[in-house]
Amino acid sequence: MSNETGYNFGYLDEQTKRSIRRAILKAIAIPGHQIPFSSREMPMSYGWGTGGIQVTASVIGQNDVLKVIDQGADDTSNAVNIRRFFRKVCGVATTEKTAQATLIQTRHRIPETPLKAGQTIVYQVPIPEPLQWLQPSTRETKKMHALEDYGAMYVKLYEDITKYGHIATSYDYPVMVHDRYLMSPSPIPRFDNPKMNMNPALQLFGAGREKRIYAVPPYTKVESLDFADYPFTVERWDKACEFCGSRTSYLDEVVLDDAGKRMWICSDTDYCRESQEAGNGTFVEN
Amino acid sequence: MPYVAVKGGEKAIENAEALLKSQRRGDDNIAELSLEQIEQQLALSVDRVMAEGSLYDRKLAALAIKQSWGDLVEAIFLLRAYRTTLPRLYYSNPIDTNQMQIRRRISAIFKDIPGGQYLGPTYDYIHRLLDFKLIAESETPIPSTAPANHESIPRIVDTLDKEGLIQTEISATPEQTPFDLTRQPRKFPASRDARLQNLARADEGFLLSLAYSTQRGYGKNHPFAGEIRMGEVEVVIFPEELGFEVAIADITITEVQMVNQFQGNQDQPAQFTRGYGLTFGYNERKAMSMALVDRAMRAEELTETVTSPAQNIEFVMSHSDNVEAQGFVQHLKLPHYIDFQAELNMIRQIRQPKNHV
């Protein structure tokens, strides 16, 4: 397929792509460790997925099949926009089906359909530093990572328990990668954290504005921080998806009127559709 | 189906773009702005966009201003996104501001300076009265000019240097490649060349306020405007394959040298310290702010206690870039309903009555 005239395949020039790929290789070699890279200005704003876009642009090939999701959905405007960008500058095939994609760029979710070996998932990351809220200085957090000095994070979780009775982090819940580096999973709900552990797919993380790349290679241990007496848990809903009846997927609350009427539906639009096509569903037309 | 949510399709995005383009053009009974008009009559906007877009091209800056509906931060972003696709062919030789074709030059530290002071085209002593005559087409104003000075005029601060009264600036050796902020990852602690590049691209408003904060005591360093000069300098490259220098452009720049609070100790006699500002175009407010913040950011190297935002290198460099800042502030417009749902679940869980106390 043809690309947008005047631009290189994947928008970035080959030299830039090579430099980003070097950072990615280094990131894969040191799971969970943040690698600085010389992030470029992209034709979309910093903070709108430019890190993920640069990672995707650097690894994508002619034969890739790309899926882009935001909030789990293929049809949110940001996902649509990033997908049409890659269609324009790469001309690659795109899909909404998780199982058919070779490359998945995501913001805020991991698909419900388990990823397979050979697939790559690229996360858009706003703040790559898990210690940032405890220590805003990069100079200091670099030292903390080098010394594996993560006590401050455990103190923060402990303070949550004393204050609220729970660890009060609901998304971007810190994880320990390969028993060594504390890592931000990006702002996915903690519901998705367990999916990162021993995942057969390659997981790449790009933070454009903060100029960092990190990675979790396939089949790598990823543990959410917790305490023996306060183990990590994920949320459950006492509802099923209104469309497909799923009780296991991440549900998204939709406000229906101003009298407080709500319904819950799958946030993963592909999973929900497949589930409906498979004959599940309790949805009644009203 | 009752479900209506913020799901926007490709069509919606295309329609939004078409609407924006039409509103940007405005009433088509009004003549369209030409790039020449913007370049000529909104020249200071062009200068700001070139400086913060860090690309010296008046025509492209004018195009960016036109395309961005006059939103200069958006125009800067457009220029940067274009700039990043350009190859690096050569590094120029360092420009020599002593050789500047001066249009404006002032010093606040001596009454009279060799080479003289030139007010040049400045708003400084203009009474800021709305000129209602400009509502109608104005006459072509005729400047009363003195002949332009084509001699080289040495920078006045260098005379303090000769006496050893001000800290020496250490030049890079020809072997040292300058740090390139646009090609190398930002790292902390950051060297001064990286810092000055960051400041030269930094948002004018952000630098202005930070500079102001140092004057009000948040990292005070007693500045004097040693010299401010604006004019044209030649940019020269030295292609090794040719073996001789080639002048590629004359560019307008503003240079500010601040003379700051002196320092000394048992080993070193007291010396004034420096802050430096340089921008593309005529950007005096920005260049002055840059010089104040540059000086503040040297606190650590001058063994001052770092107490204020302007002295904190990481704070300044991480937040000064308006292309980065505008993106992240505005990304809050993107859907966040998954994280919000997670927060809702969390807050509902926390509010549940405890089973056992």
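Cut-off values and rules
Residues numbered from 1 in each chain as written. Chains lettered and ligands numbered in written order. Predicted model: local features only at pLDDT ≥ 70, side-chain atom pairs only at ≥ 80, totals over all residues. Helix = DSSP H or I, 4+ residues; strand = E, 2+ residues; numbered from the N terminus. Rg over C-alpha atoms; globule rule 2.2 N^0.38 Å. Buried ≥ 20, exposed ≤ 12 C-beta atoms within 10 Å, placed from the backbone. Contact = placed C-beta atoms within 7 Å. Domains from an automatic or database assignment. Pairing = 2+ DSSP bridges. Axes fitted to C-alpha atoms, helices over the stretch in contact; angles between N-to-C directions. Expected span 1.5 Å × (residues − 1). Arc of directions from axis to C-beta. Nonpolar A, V, L, I, M, F, W, Y, C, P; charged D, E, K, R; others polar. Parallel < 35°, antiparallel > 145°, perpendicular 65-115°, else oblique. Left-handed = near helix turned anticlockwise from the far one by under 90°.

Student: Can you walk me through the overall build of chain A in this structure?
Tutor: Per the secondary structure count, chain A includes seven helices and twelve strands. The globule rule puts the C-alpha radius of gyration for 286 residues at 19 Å, and the 19 Å found for chain A is close to it. A principal-axis box enclosing the C-alpha atoms of chain A has dimensions of 55 × 50 × 35 Å. Classification of the 286 residues of chain A by burial places 48% in the buried group. Intrachain contacts of chain A at a sequence separation of at least 6 include 63% that bridge at least 24 residues.

Student: Got a minute to help me understand the environment of G279 of chain A in this structure?
Tutor: All names here are of chain A. Considering the arrangement of structural elements, one finds G279 in the segment after helix 7 (269-277). Taking the C-beta count within 10 Å as the criterion, G279 has 7 such neighbours and is therefore assigned exposed. The sequence separation of G279 and C244 amounts to 35 residues, and the corresponding C-alpha distance is 8.3 Å.

Student: Is there a simple way to explain unusual backbone geometry in this structure?
Tutor: Most peptide bonds take the trans form, and the phi angle of most residues other than glycine is negative. The peptide bond linking F188 of chain B to P189 of chain B adopts the cis configuration, its omega dihedral lying at 0 degrees. Mapped onto the elements of the fold, P189 of chain B is located in the loop between helix 6 (157-162) and helix 7 (192-201). Of note in this structure, Y11 of chain A is not a glycine but carries a positive phi near 70 degrees. Y11 of chain A gets classed as buried once you count the C-beta atoms within 10 Å, which come to 22. The phi angle at H178 of chain A is positive, at roughly 50 degrees, despite the residue not being glycine. Position of H178 of chain A relative to the elements: it lies in the loop between strand 6 (175-177) and strand 7 (181-183).

Student: Would you explain the domain arrangement of chain B in this entry?
Tutor: Interfaces are often described in size by the accessible area the parts lose on coming together. All names here are of chain B. Split by domain assignment, chain B resolves into domain 1 (10-83) and domain 2 (97-136 + 147-168 + 179-326). The gap between the C-alpha centroids of domain 1 and domain 2 is 27 Å. Taken together, the twelve residues of domain 1 in the interface contact 14 residues of domain 2. Put simply, the parts of the chain that give the side of domain 1 that touches domain 2 at least two residues each are helix 3 (43-53) and helix 5 (72-83). Ranked by the residues each element gives to the side of domain 1 that touches domain 2, the list is headed by helix 3, at six residues.

Student: Help me understand the sheet that holds strand 1 (residues 101-106) of chain B, please; the structure alone is not making it clear to me.
Tutor: Backbone-to-backbone hydrogen bonds pair the strands of a sheet. The strands run either parallel or antiparallel. All names here are of chain B. Strands sit in the order 1-2-3-4 across an open sheet of four strands; the sheet is antiparallel. Both edges of this open sheet fall to strand 1 and strand 4 (271-280), since each of them pairs with a single strand only. The mean inter-strand angle of the sheet, taken between neighbouring strand axes irrespective of direction, is 20 degrees. For strand 3 (residues 246-263) and strand 4, the ladder comprises nine bridges, and the chain directions are antiparallel. Looking across to strand 4, one finds that V259 is bridged to R274. Together, strand 2 (224-237), strand 3 and strand 4 form the strand contacts of helix 9 (residues 284-297), whose direction differs from that of strand 4 by roughly 140 degrees.

Student: So what exactly am I meant to see when it comes to helix 1 (residues 14-29) of chain A here?
Tutor: All names here are of chain A. Between its terminal C-alpha atoms helix 1 stretches 22 Å, which fits the 22 Å expected from 16 residues at 1.5 Å a residue. Turning to helix 1, its buried residues are T16, I20, A23, I24 and A27. Viewed along the axis of helix 1, the buried residues span an arc of 100 degrees, placing them on a single side of the element. Across from the buried face of helix 1, at angles greater than 90 degrees, the exposed residues are E14, Q15, R18, L25 and A29. Buried positions along helix 1 lie against strand 1 (35-36), helix 2 (50-59), strand 8 (202-207) and strand 9 (212-216).

Student: How do you make sense of the interface of chain A and chain B when you look at a structure like this?
Tutor: In this complex, chain A contributes 45 residues to the contact, which on the side of chain B involves 42 residues. Elements with a contribution of two residues or more to the side of chain A that touches chain B: helix 3 (77-90), helix 4 (138-146) and strand 11 (251-255) of chain A. A per-class count over the side of chain A that touches chain B returns 14 nonpolar, 17 polar and 14 charged.

Student: What should I look at first to understand the pairing of strand 3 of chain B in this one?
Tutor: Sheet analysis places strand 2 of chain B next to strand 3 of chain B, joined by 13 bridges and oriented antiparallel. Bridging from a neighbouring strand, V233 of chain B pairs with I251 of chain B of strand 3 of chain B.

Student: Is there a simple way to explain the sheet that holds strand 6 of chain A in this structure?
Tutor: Residues and elements named next belong to chain A. One open sheet holds the three strands; their spatial order is 7-6-10, and the pairing between them is antiparallel. Edge strands, defined here as strands with exactly one partner in the open sheet, are strand 7 and strand 10 (222-224). On average, each strand axis in the sheet is tilted by 30 degrees relative to the strand beside it, whichever way the strands run. Summarising the sheet, strand 6 and strand 10 pair through three bridges and their orientation is antiparallel. Its bridge partner being in strand 10, V177 is matched across the sheet by V222.

Student: Which parts of the structure should I look at to understand the domain arrangement of chain A?
Tutor: Residue and element names in this part refer to chain A. Once the domains are mapped, chain A shows domain 1 (14-129 + 175-224) and domain 2 (236-286). Centre-to-centre separation of domain 1 and domain 2, based on C-alpha positions: 27 Å. Of the residues lining the interface, 14 residues belong to domain 1; the matching set on domain 2 comes to seven residues. When the residues that make up the side of domain 1 that touches domain 2 are grouped by side-chain class, the tally is four nonpolar, four polar and six charged.

Student: Help me understand the packing of helix 8 (residues 204-215) of chain B against helix 9 of chain B, please; the structure alone is not making it clear to me.
Tutor: All names here are of chain B. Their axes nearest at 8 Å, the elements helix 8 and helix 9 cross at an angle of 55 degrees. By the angle between their axes, helix 8 is oblique relative to helix 9. For the pair helix 8 and helix 9, the sense of crossing is left-handed. Every residue of helix 9 that contacts helix 8 at E204, L207, L208, L210, A211 and T214 is listed here: R285, K286, M288, S289, M290, L292, V293 and A296. Of the residues contributing to the contact of helix 8 with helix 9, the split by class is nine nonpolar, two polar and three charged.

Student: So what exactly am I meant to see when it comes to the packing of helix 3 of chain B against helix 4 (residues 58-67) of chain B here?
Tutor: Each pair of packed helices can be summarised by the angle the axes make with each other and by the distance between the axes. All names here are of chain B. Put simply, helix 3 and helix 4 touch, their axes get as near as 9 Å, and they point 105 degrees apart. Considering their axes alone, helix 3 and helix 4 lie roughly perpendicular with respect to each other. Note on element contacts: helix 4 touches helix 3 through R58, A61, A62, A64 and I65, opposite S45, V46, V49, M50 and G53. For the contact of helix 3 with helix 4, the per-class residue count stands at seven nonpolar, two polar and one charged.

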